[in-house]
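# Fold and contact review
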Amino acid sequence: MSDTEIPESDRLGDFPHPREAVTLVGQDAAERALFDAFMSGRMQHAWLLTGPKGIGKATLAYRMAKFALHYGTPEAARAAGARDLSVPESAAAFHQVAANSHPNLLAVRRPHDDKTKKLKTVIPVDEVRRIGHFFGLTATERGAWRVVIIDSADEMNVNSANALLKALEEPPPNGLFLVLSHQPGQLLPTIRSRCRMLRLTPLAERDIVAMMEPAERYAEVRGKEARRKFAATPAAERAPIAQLAEGSAGRALSIAAGGGLGLYKELAGLLVGLPRLDVAGVHAFADKAGRKGADDAYETMIELLTHWLQRLVRRGAGLDPGPDIVAGEGAAMARLAAGGSLDRWVEVWEKISQFTARGEALNTDRKLVILNVFSMLEAAASERAGA
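Counting starts from 1 at the beginning of each chain's written sequence and moves along it residue by residue. A pLDDT threshold of at least 70 governs which residues receive local features in this predicted model, and a stricter bar of 80 or more applies before side-chain atom pairs are shown or counted, although totals over entire chains, interfaces and linings include all residues. No hydrogens and no water enter the side-chain calculation; it runs on all heavy atoms of the structure.

### As for the overall build of the protein chain
Helices and strands together make up the secondary structure of the protein chain, namely 17 helices and seven strands. Across the 387 residues of the protein chain, 49% fall into the buried class. Long-range contacts, defined here as pairs at least 24 residues apart, represent 72% of the contacts in the protein chain between residues at least 6 apart. The way it works is that DSSP assigns letters per residue, a run of H or I at least four long becomes a helix, a run of E at least two long becomes a strand, and they are numbered from the N terminus. Any residue under 20% of the maximum accessible area for its type is buried, any over 50% is exposed, and the rest in between are partly exposed; the area is computed with a 1.4 Å probe on protein chains only. Contact between two residues is taken to exist if any of their heavy atoms lie within 4.5 Å; hydrogens are not considered.

### Some remarks on the sheet that holds strand β7 (residues 196-199)
Two strands form a pair only when DSSP identifies at least two bridges running between them. The five strands lie next to each other as β2-β5-β6-β1-β7, forming an open sheet whose pairing is parallel. Looking at which strands have only one partner, the edges of the open sheet turn out to be β2 (105-108) and β7. Strand after strand, the sheet turns through a mean of 20 degrees between neighbouring axes, direction not considered. Two elements, β2 and strand β5 (residues 146-150), share four bridges in a ladder whose sense is parallel. Along β5, the bridge assignment pairs Val-108 with Ile-150. Sheet contacts for helix α1 (residues 28-39): β1 (46-50) and β7; angle to β7, the most-contacted strand, approximately 150 degrees. Here the axes come from fitting lines to C-alpha atoms, over the contacting stretch only for helices, and the angles between their N-to-C directions go from 0 to 180 degrees. Contacts from helix α2 (residues 57-71) reach β1, β2, β5, β6 (175-181) and β7 within the one sheet, and its direction differs from that of β6 by about 170 degrees.

### Section: the side chain of Gln-27
For Gln-27, the location among the structural elements is in the segment before α1. A distance of 2.6 Å separates a polar atom in the side chain of Gln-27 from the backbone oxygen of Thr-201. In this structure, Gln-27 is in contact with Ile-55, Leu-200, Thr-201 and Leu-203, ignoring residues within four places of it in sequence. The term polar contact refers here to a pair of N or O atoms within 3.5 Å; inside protein, the definition further demands a hydrogen-donor-capable atom paired with an acceptor-capable atom, and it admits residues adjacent in sequence only when both atoms are side-chain atoms.

Next up, the structure:
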């Protein structure tokens, strides 16, 4: 397998990697915080970029890396008239970072396992220990920045987390850590305390809809690399995909590219019938979403099911679950949430997440996993209905 064929844990399918992005949408406040800190000459050595998956944390991290590696000092950036973290596409640092070949940038992420031919499920401690060697090397230019991006810290095991903590405690001059986390509350408190936390917010639906407009408009909003992403999304699908994405551009990409909207309509069409299920329909759905080689469809289905259950719980809590994408969704959610505590649905939600994760770890037949998931839902709905 060549280097170009080795899968990357932080790349979404065949779409451009965040390090290749030219622009960043919807995170002006977070970008301004990094820019102001750098321009002040008192840049914190470690930042914890937090927020849901797919909202631009990695894009912002690589954008900051390009900026620091290109300009080096606030004076150079000021002399060049820099007003944000953008770097000319013609710059050497831009090309080197985009190609993952800059000598002063280290990305720590889940590696590919040559034995299993799959990505490892966690970031092993040896990957984190590379940071010590990286900082031990002489920078290509005296006083140049050396940047470490951890994507994501949530995927570290205990040993990896302790190794990162040690690295954070002994930062070298002009060493910069950009640590990404979707669930910072689960990180070691000592890691959080050594980083300046920067929260990124979910994107507005209008921003996600704009990404799915024809290439000419999308190029204005997102940058020319976007023309390879959403140009073919039909107009009628943009709003429902943006709703399902819940502020995540990455999730919208997955749904739009993998036929996820059609998959959701099939899934929700089955769920609105609970506690009764169309058995033939469930089996047909499981055949489609669980077939061998349909990795993207299966992963998207699990995310969409989780989204549906979240909306159900929100409805039961008196919150707005959003407009129906499939006729009768809201009424079905209200019916299933009525007449008792929501704890049972939260428990089902958690059990399904654990069950599907275990199924992947054990390489269980995906159709069987899907059928069991529907059985869990049917049982919970029957209990609620008093059957």
